[in-house]
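Chain by chain, the residues run as shown.
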Amino acid sequence: MSRRTHRGLLAAATLTAALATLATLTVPAGASAAGPQARLFMVNPVQSSNDQSLTDAKDSAAAVPSSAYATATLRNLDASGGLSGRWAYVRSDTGASAEIAEAGTYDRHDDQFEQVMAYFWVNESQEYLQGLGFGSELPGANDRAQPVRINQWGSDNSFFTDKKAEILPQALSFV
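Please read all numbers here as calculations on a predicted model, not as lab measurements.

### Here's the deal with the overall build of the chain
Alright, step 1. Each helix and strand in the chain was counted, giving 3 helices and 6 strands.
Alright, step 2. Order of helices (α) and strands (β) in the chain, N terminus to C terminus: α-β-α-β-β-α-β-β-β.
Alright, step 3. Expressed as a percentage of its 175 residues, the buried residues of the chain come to 33%.
Alright, step 4. Intrachain contacts of the chain at a sequence separation of at least 6 include 60% that bridge at least 24 residues.
Alright, step 5. Roughly 10,400 Å² of accessible area belongs to the chain as shown, and the carbon and sulfur atoms make up 54% of that amount.

### Comments concerning unusual backbone geometry
Alright, step 1. Backbone geometry places Asn50, a non-glycine residue, at a positive phi of 55°.
Alright, step 2. Within the secondary structure, Asn50 is located in the loop between helix 2 (45-49) and strand 2 (70-73).
Alright, step 3. Overall, Asn50 belongs to the exposed group, its relative accessible area being 64%.

### Re the pattern of salt bridges
Alright, step 1. Taken as a whole and assessed by the stated rule, the structure comprises 5 salt bridges.
Alright, step 2. Ionic contacts of the salt-bridge type, sharing partners, join the residues Asp56, Asp59 and Arg108 into one network.

### Here's the deal with the environment of Gln115
Alright, step 1. Along the chain, Gln115 turns up in helix 3 (residues 111-131).
Alright, step 2. Between the C-alpha atoms of Gln115 and Tyr89, which are 26 residues apart in sequence, the distance is 9.5 Å.
Alright, step 3. Of note is the side chain of Gln115, whose polar atom sits 3.2 Å from the backbone oxygen of Ala96.

### Some thoughts on the confidence of the model for the chain
Alright, step 1. On average, the chain scores 76 in pLDDT, and the residues at 70 or more come to 65%.
Alright, step 2. Here helix 1 (residues 7-24) stands out as the element of the chain with the lowest mean pLDDT, 44, in contrast to strand 2, whose mean of 97 is the highest.

### Observations concerning a nonpolar patch on the surface
Alright, step 1. A grouping of Met42, Val43 and Trp121 is seen on the molecular surface, where their side chains present a nonpolar patch of about 230 Å² in accessible area.
Alright, step 2. When you line up the elements, Val43 lands in the loop between strand 1 (37-40) and helix 2.
Alright, step 3. Given a relative accessible area of 34%, Val43 falls into the partly exposed group.

### Focus: the nonpolar core
Alright, step 1. One finds Phe41, Leu74, Leu83 and Val116 to be the most contacted residues of the largest nonpolar core, which totals 24 residues.
Alright, step 2. Tallying contributions element by element places helix 3 first for this core, with 7 residues.

### Focus: the side chain of Gln112
Alright, step 1. Examined against the element boundaries, Gln112 turns out to sit in helix 3.
Alright, step 2. Using a relative accessible area of 13% as the deciding quantity, one classes Gln112 as buried.
Alright, step 3. Ignoring any residue separated from it by four or fewer positions in sequence, one finds Gln112 in contact with Ala96, Ser97, Ala98 and Tyr106.

Cut-offs applied
- Residues numbered from 1 in each chain as written.
- Predicted model: local features only at pLDDT ≥ 70, side-chain atom pairs only at ≥ 80, totals over all residues.
- Heavy atoms only, no water.
- Helix = DSSP H or I, 4+ residues; strand = E, 2+ residues; numbered from the N terminus.
- Buried < 20%, exposed > 50% of the residue type's maximum accessible area, 1.4 Å probe, protein only.
- Contact = heavy atoms within 4.5 Å.
- Areas by Shrake-Rupley, 256 points an atom, 1.4 Å probe, with all protein chains shown as cover.
- Salt bridge = Lys/Arg side-chain N within 4 Å of Asp/Glu carboxyl O.
- Polar contact = N/O pair within 3.5 Å; in protein donor to acceptor, adjacent residues only side chain to side chain.
- pLDDT = per-residue confidence, 0-100.
- Patch = residues over 30% accessible without salt bridge, like charges linked within 9 Å, V, L, I, M, F, W, Y side chains within 5 Å.
- Core = buried A, V, L, I, M, F, W, Y, C linked by side-chain atoms within 4.5 Å.

As structure tokens, then:
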């Protein structure tokens with residue numbers, strides 16, 4: 001009896017191989033990357049720095065080493081000029097809205113950093129979900145842009161509500 005590989009596992013393996021290949025590519029000096037670049041955390045700074053003594057320090061930029069930041073492309077943005085795209089949109093935020101051209105300069109002290117992080121990771125999650133074959137081989141799953149509200153109540157209490165189908169990351173705190 002032959003064994004079949006589950007389509008989800010096959011898609012995940014293919015995605016992993018594609019991401020590994022992309023990670024080896026570099027953008028030549030002076031050339032532009034495929035889209036706007038953002039400064040963000042790929043991994044929680046406590047984990048990436050292996051420094052258990054890190055504290056929030058009221059969102060202080062100095063509380064996290066610069067090596068904890070990564071640069072990534074903001075994908076699937078629409079032409080609105082804001083953090084809005086195929087899979088996610090920042091519906092409301094604290095402070096001024098993030099400017100796409102400045103996304104590579106924000107750090108954890110900036111309210112805009114949390115907006116960029118929320119857009120990036122919701123988009124990333126949706127890309128992964130859709131990459132499993134939903135909407136092509138399989139019926140669509142949550143095939144829409146996710147509205148994301150930032151710091152609605154000023155406390156760290158993130159949640160998803162099915163009442164309005166919204167993600168509410170409250171005071172994103174990564175240390």
